Amino acid sequence: MINIYGIKNCDVVQKALKWLDAHKVPYTFHNYKETGLDKALLEQWLKHIAVDKLVNTRSTTFRELGEEEKAGWNDKNKAIALMMQHTSVVKRPVWDLGNGNYLLGWDEQALTKALL
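Residues numbered from 1 in each chain as written. Predicted model: local features only at pLDDT ≥ 70, side-chain atom pairs only at ≥ 80, totals over all residues. Heavy atoms only, no water.

### Notes on the sheet that holds strand β3 (residues 94–98)
(1) Moving on: Strand order in the open sheet formed by four strands is β2-β1-β3-β4, with mixed pairing between adjacent strands. Either end of the sheet is taken by a strand with one partner, and the two such strands are β2 (27–31) and β4 (101–104). Averaged over all pairs of adjacent strands, the angle between strand axes in this sheet comes to 20°, irrespective of strand direction.
(2) Moving on: As judged from the five bridges shared by strand β1 (residues 2–6) and β2, these two strands associate in the parallel manner. Bridge pairing in β2 links I4 to F29.
(3) Moving on: Seen against the sheet, helix α1 (residues 11–22) touches β1, β2 and β3 and runs at an angle of roughly 165° to β2.
(4) Moving on: The strands that helix α8 (residues 108–115) touches are β1, β3 and β4; relative to β3, the one it contacts most, it runs at about 15°. (Pairing = 2+ DSSP bridges. Helix = DSSP H or I, 4+ residues; strand = E, 2+ residues; numbered from the N terminus. Axes fitted to C-alpha atoms, helices over the stretch in contact; angles between N-to-C directions. Contact = heavy atoms within 4.5 Å.)

### Here's the deal with the nonpolar core
(1) Moving on: Of all hydrophobic cores here, the largest spans 32 residues; its most connected members are W45, L54, M83, V90 and V94.
(2) Moving on: Broken down by element, this core gets its largest block of residues, five residues, from α1.
(3) Moving on: Other than its neighbours up to four places away in sequence, V94 contacts N3, I4, Y5, W45, I49, L54, Y102, L103 and L104. (Core = buried A, V, L, I, M, F, W, Y, C linked by side-chain atoms within 4.5 Å. Buried < 20%, exposed > 50% of the residue type's maximum accessible area, 1.4 Å probe, protein only.)

### Some details on the pairing of β1
(1) Moving on: Extensive coverage of β1 is indicated by the burial of five of its five residues.
(2) Moving on: Residues of β1 alternate between two faces, with I2, I4 and G6 on one and N3 and Y5 on the opposite face, all of them buried.
(3) Moving on: What joins β1 to β2 is α1, and the crossover it makes is right-handed.
(4) Moving on: Bridge count between β1 and β3: three bridges; the pairing is antiparallel. By the bridge assignment for β3, I4 is matched with W95. (Right-handed = clockwise from strand over helix to strand, strands pointing away.)

### Observations regarding the pattern of salt bridges
(1) Moving on: Taken as a whole and assessed by the stated rule, the structure comprises one salt bridge.
(2) Moving on: The residue K70 makes a salt bridge to E67 at a minimum N-O spacing of 3.9 Å. With a gap of three residues between them, K70 and E67 both fall in helix α6 (residues 67–70), about one helical turn apart.
(3) Moving on: Looking at K70, the relative accessible area reads 17%, which means it is buried.
(4) Moving on: Given a relative accessible area of 60%, E67 falls into the exposed group. (Salt bridge = Lys/Arg side-chain N within 4 Å of Asp/Glu carboxyl O.)

### Some words on unusual backbone geometry
(1) Moving on: That bond from R92 to P93 is cis: its omega, -20°, falls within 30 degrees of zero.
(2) Moving on: The phi dihedral of N99 is positive, around 55°, even though this residue is not glycine.
(3) Moving on: Position of N99 among the secondary structure elements: in the loop between β3 and β4.

### Considerations on helix α7 (residues 76–85)
(1) Moving on: For α7, the set of buried residues is A79, I80, L82 and M83. Down the axis of α7, the buried side of the element spans an arc of 165°, and every buried residue falls inside it. Along α7, the residues that are exposed and aim more than 90 degrees away from the buried face are N77 and Q85.
(2) Moving on: Summarising the contacts, the buried residues of α7 are in contact with α3 (39–48), α4 (51–54), α5 (60–64) and α6.
(3) Moving on: N-cap assignment for α7: the residue whose side-chain oxygen lies 3.2 Å from the backbone N of N77 is D75. (Arc of directions from axis to C-beta. Polar contact = N/O pair within 3.5 Å; in protein donor to acceptor, adjacent residues only side chain to side chain.)

Keep in mind these numbers describe shape, not what the thing actually does.
Laid out in structure tokens, this is it:
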């Protein structure tokens with residue numbers, strides 16, 4: 001079972017969910033805007049995804065943060081605290097394909113190769 005993490009109203013996440021449905025790929029969706037993110041999950045992701053890829057510094061949320069909140073964002077522990085407090089700074093979607101295989105964002109070719 002694939003786990004996909006994101007925010008339901010994100011255009012990219014909606015595209016990903018539609019793609020999964022169209023290809024009849026079973027999945028579980030975790031809306032972290034509603035349920036939040038915990039430290040253990042973020043630590044797991046960071047074993048497989050670089051901090052500078054997981055934290056979306058181009059997001060509106062990140063850009064609107066104060067300099068003090070942004071300071072040191074690329075340090076693992078500070079990034080975890082930042083992502084737990086401001087879930088919208090996490091790049092979307094995060095794909096947990098199982099067996100330690102993760103994808104980040106929307107890449108139809110990579111998904112087709114991994115899932116179909």
